[in-house]
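# Inside the fold
One letter stands for each residue in the lines below.
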Amino acid sequence: MVQLLKVHGSQNKFFILDQTALQTKLSQPELVALAKHITEPETGLLDGADGLLVIDDSDHPDTLGSMQVINTDGSIASMCGNGLRTVSRYLSDKFGEDQFKVETMDSDLHVHREADLADNVPTFSVEISPVTFAKETLPFDNLGTDTLINKAVPEFAPDLKFTAISVPNPHLISFVDEETMHSKTLGQLGKMLNDPNPYFPDGVNVSFAQILDHNTLFVRTYERGVGFTNACGTGMSATSLAFCLNHPEMADFDELISVYNPGGMVKTRVHSRDDTFSIDLIGNATFTHKIEIPEADLHANDLEHAQITETDEQPAYLRFVESLKNQLIK
Ligand SMILES: N[C@H](CCC[C@H](N)C(=O)O)C(=O)O
């Protein structure tokens, strides 16, 4: 029997599979097939999820493992901020370390355990980097510019300004008012830029942000390869950087920024050192279910015999979200 986990960061939900626990690791096609199946709301497990996080060994210095990110459509992402917090907790529990690195597609990222955000809400801080604005790194094209920083793009939306950042997965960000936040614009733009289009050939995660107060945002994201999620860790991180760059009167580098989202809240801290940026993403790493399944069934992508045990962490997380509402209302 093999154990998988169902986890979330700000209720951006994932399944975690640790390849090192298998007699025979799943092949890449088997991993992609499993990701597309297990995350399906109807035919998957536990009403599905926003992706599959695959943990494996790493021989890089100071790392305790590697993370691969597979979206619900089977596409591979170079990074996942909410997911990396849950992978960090898994590796921390497995090896008894609280500060280490995790190998990801583009770089080995520093992670460490933080004090719990609330009772029974385990919390981690993860490094989001490398950060670039160059169009080749997203990639984007046909926008008449090599970098897109707080610029109008009428082709996207008539009266919004946009910022494009890769962290290193691709993000397109716009600061909007309440009415625009709750309009159909985000969904329409997210779909347009993730269907075949002349601007983002690999697609892009699209985030709308509302400035609530000094160092305080609300962010909603339409994710590449997934669609709307409760939160997008790399999206909230990239948006925090855009916040510091585009609204310096409302946001401070090196200070904690509270980023509320439909799934809860995370904190970010944006660092700028001689023209390179990185972001600390701090938030919950909640494990909601343990799943036991025969290894052969995993290879066969057969979920019929999965045995599921719920943990006591989701009620604790919901109490944390409830406490936020009181904070926000003040
Ligand atoms: N959909 C993203 C990957 C997951 C990122 C998100 N879930 C996060 O927490 O950063 C992409 O294709 O770039």
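Residues numbered from 1 in each chain as written. Predicted model: local features only at pLDDT ≥ 70, side-chain atom pairs only at ≥ 80, totals over all residues. Heavy atoms only, no water.

## Re the side chain of Ser-92
Our working definition: The numbering of helices and of strands both runs from the N terminus, where a helix is a DSSP run of H or I of at least 4 residues and a strand a run of E of at least 2. Exposure categories follow from relative accessible area, calculated using a 1.4 Å probe and restricted to protein chains: below 20% of the type maximum is buried, above 50% is exposed, and the middle band is partly exposed. Polar contact is the term for a pair of N or O atoms within 3.5 Å; when the atoms are in protein, one must be able to donate a hydrogen and the other to accept it, and sequence-neighboring residues count only if both atoms are side-chain atoms. By definition in these notes, contact holds between two residues if any of their heavy atoms fall within 4.5 Å.
As for its placement among the helices and strands, Ser-92 is situated in helix H2 (residues 81-95). A residue is classified by how much of its surface remains accessible, and Ser-92, at 2% relative accessible area, is buried. Side chain to side chain, Ser-92 and Arg-113 meet in a polar contact 3.2 Å long. Among all residues touching Ser-92, those that are not within four sequence positions of it are Glu-97, Asp-98, Phe-100, Arg-113 and Phe-124.

## Remarks on the site of the ligand
The cut-off we apply is this: By convention in this text, a residue qualifies as near a molecule or strand provided that one of its non-hydrogen atoms is within 4 Å of it. When residue character is reported, Ala, Val, Leu, Ile, Met, Phe, Trp, Tyr, Cys and Pro are called nonpolar, Asp, Glu, Lys and Arg charged, and the others, Gly included, polar. Throughout the structure description, domain borders are defined by an automatic or database domain assignment.
Of all residues adjacent to the ligand, which total 15 residues, the nearest are Gly-81, Glu-223, Arg-224, Gly-233 and Thr-234. A distance of 2.8 Å separates an oxygen atom of the ligand from a polar backbone atom of Gly-81. At a separation of 2.8 Å, an oxygen atom of the ligand approaches a polar backbone atom of Gly-233. The set of elements that each furnish at least two residues to the shell around the ligand consists of strand S2 (12-18), H2 and helix H5 (233-246). Split by residue class, the shell around the ligand holds five nonpolar, eight polar and two charged. When residues of the shell around the ligand are assigned to domains, at least three map to each of domain 1 (2-125 + 285-324) and domain 2 (151-282).

## Details of the UniProt feature "active site" (unreviewed entry) in the protein chain
Selection criterion: UniProt positions are given in the numbering used here, feature names are shortened, and annotations may be inferred rather than shown by experiment. Only protein atoms enter the 1 Å grid used here. Points where a 1.4 Å probe fits but cannot escape make up a cavity, open sets with protein on both sides within 12 Å along at least five of seven lines make up a pocket, and a residue lines them when an atom lies within 4 Å of a point.
Cross-referencing UniProt, the feature "active site" (unreviewed entry) maps to Cys-80 and Cys-232 in the present numbering. For the residues just named, distributed over 153 residues, the greatest C-alpha separation is only 7.8 Å, placing them together at one site. From the set just named, the residues that line the largest cavity comprise Cys-80 and Cys-232. Take Cys-80: it is sitting in the loop between strand S5 (76-77) and H2. Residue Cys-80 is classed as buried on the basis of its relative accessible area, which comes to 7%. Those residues in contact with Cys-80 that lie beyond four places of it in its chain are Phe-14, Leu-53, Met-67, Val-69 and Thr-234. Its relative accessible area of 4% is what places Cys-232 among the buried residues. Discounting residues that sit within four places of it in the chain, Cys-232 has contacts with Asn-12, Asn-82, His-171, Thr-221 and Glu-223.

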